[in-house]
Amino acid sequence: MLNKDSSKKISLNRNKTTLVSRMFYLLLFFGVSLGISYFVNYTQIQILSKPLIEITPENYGPEIKKKISMNDIVSIVGTPDFMMQVSQEPLKKNSQSITYFYTGLKEYGFDFVVRIKKYKLVSSQQNFKGRVLNINDTDFKTRIKNSLNKEINLNEQANRSFAENLDEKTKNQIIANSSGQFTNSTLLILDEEYMTLQDLYVQMFLGVFGWTAILVAIFNKKIFY
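Because the structure is a prediction, the values reported are computed rather than measured.

Cut-offs used in this document
Residues numbered from 1 in each chain as written. Predicted model: local features only at pLDDT ≥ 70, side-chain atom pairs only at ≥ 80, totals over all residues. Heavy atoms only, no water. Phe/Tyr/Trp six-rings, centres within 6.5 Å; stacked < 30°, edge-to-face > 60°. Helix = DSSP H or I, 4+ residues; strand = E, 2+ residues; numbered from the N terminus. Salt bridge = Lys/Arg side-chain N within 4 Å of Asp/Glu carboxyl O. Buried < 20%, exposed > 50% of the residue type's maximum accessible area, 1.4 Å probe, protein only. Pairing = 2+ DSSP bridges. Axes fitted to C-alpha atoms, helices over the stretch in contact; angles between N-to-C directions. Patch = residues over 30% accessible without salt bridge, like charges linked within 9 Å, V, L, I, M, F, W, Y side chains within 5 Å. Areas by Shrake-Rupley, 256 points an atom, 1.4 Å probe, with all protein chains shown as cover. Contact = heavy atoms within 4.5 Å.

In the structure shown here, the tally under the stated rule is 9 aromatic pairs. A ring pair is formed by F205 and F209, whose centres lie 4.9 Å apart and whose planes are at 70°; its orientation type is edge-to-face. Of the two residues, F205 and F209 both sit in helix α6 (residues 197-223), 4 residues apart, roughly one turn of that helix. Cluster of aromatic residues (ring-pair linked, three or more members): F24, Y25 and F29.

Put into structure tokens, the structure is as follows:
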């Protein structure tokens, strides 16, 4: 027959075993979650770990463009070309809506297009930094490229007031200069849209706790009771 001291000792040992078991499973779930998060974000880690590609009119050449892969973060110095720009108006306008402009850069011919906010649509050399896509790799497919390559129509209502004071020679020059030659190899830079490696690690850290909580919830009754 067990005395009170023996019963208490068995109970303490059992509680200790249960606590160690729970800690083991928590660490196991945390490790699994860490592995899942790393696997999911592996490609992004590789991209953000690469040195920033900096492009200027002085150092630019075909060899630099060849180094750029999709989703890389690049920094580029250039001047928006007003003759080679189209706007992306939001479907529903409200205080949160953003109007983006897609514009070529005067220094690089038809190699690059940048997507910028309205305050950057000024005719001065600026620094743009963002994620790189192919010009057709957006929800608009080929529409951005086709719009940039299309000649301006001075007979459209939006352009009539601007064109009515111009002579025929000036009109023809504007029309000729407004037609781009952007191709499927043109790169699109999404200005101000990029994540730092530190941002990604914070996101992964939160993801690890999220996955751990899910695993604990799934195995809660089997392991922790």
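So, next bit.
Within the secondary structure layout, F101 lies in strand β4 (residues 100-105). Along the sequence, F101 and V86 sit 15 residues apart, while their C-alpha atoms lie 5.7 Å from each other.

The next point concerns the pattern of salt bridges. Taken as a whole, this structure holds 7 salt bridges when the rule is applied. The residue D111 makes a salt bridge to K65 at a minimum N-O spacing of 3.5 Å. With D111 in the loop between β4 and β5 (112-117) and K65 in helix α2 (residues 62-67), this residue pair connects regions lying 46 residues apart in the sequence. Overall, D111 belongs to the partly exposed group, its relative accessible area being 24%. Residue K120 is joined to E192 by a salt bridge in which the shortest nitrogen-to-oxygen separation is 3.9 Å.

Read from one edge of the open sheet, 7 strands run β1-β2-β6-β7-β5-β4-β3, paired in mixed fashion. Bordering the open sheet on either side are β1 (53-55) and β3 (80-88), each of which pairs with just one other strand. On average, each strand axis in the sheet is inclined to that of its neighbour by 30°, with strand direction left out of account.

The next point concerns a nonpolar patch on the surface. Taken together, the side chains of F30, L34, V202, F205, L206 and F209 define a hydrophobic patch exposed on the protein surface, amounting to about 590 Å² of accessible area. Every element with two or more residues in the nonpolar patch is listed here: α1 (4-49) and α6. Tracing the backbone through its elements, the reader meets L206 in helix α6.

Along the chain, K106 falls in the loop between β4 and β5. Measuring from C-alpha to C-alpha, the distance between K106 and S123 comes to 9.7 Å, with 17 residues separating the pair along the chain. If we ignore the near neighbours within four places in the chain, the residues touching K106 are T79, P80, D81 and S123.

In this section: unusual backbone geometry. Excluding glycine, residues mostly carry a negative phi; peptide bonds, for their part, are mostly trans. One non-glycine residue, N71, adopts positive backbone phi at about 75°. On the basis of relative accessible area, N71 is assigned to the partly exposed category, the value being 29%. Residues other than glycine seldom take positive phi values, yet E192 does so here, at roughly 70°. Inspection of the secondary structure assignment puts E192 in the loop between β7 (187-191) and α6. Using a relative accessible area of 37% as the deciding quantity, one classes E192 as partly exposed.

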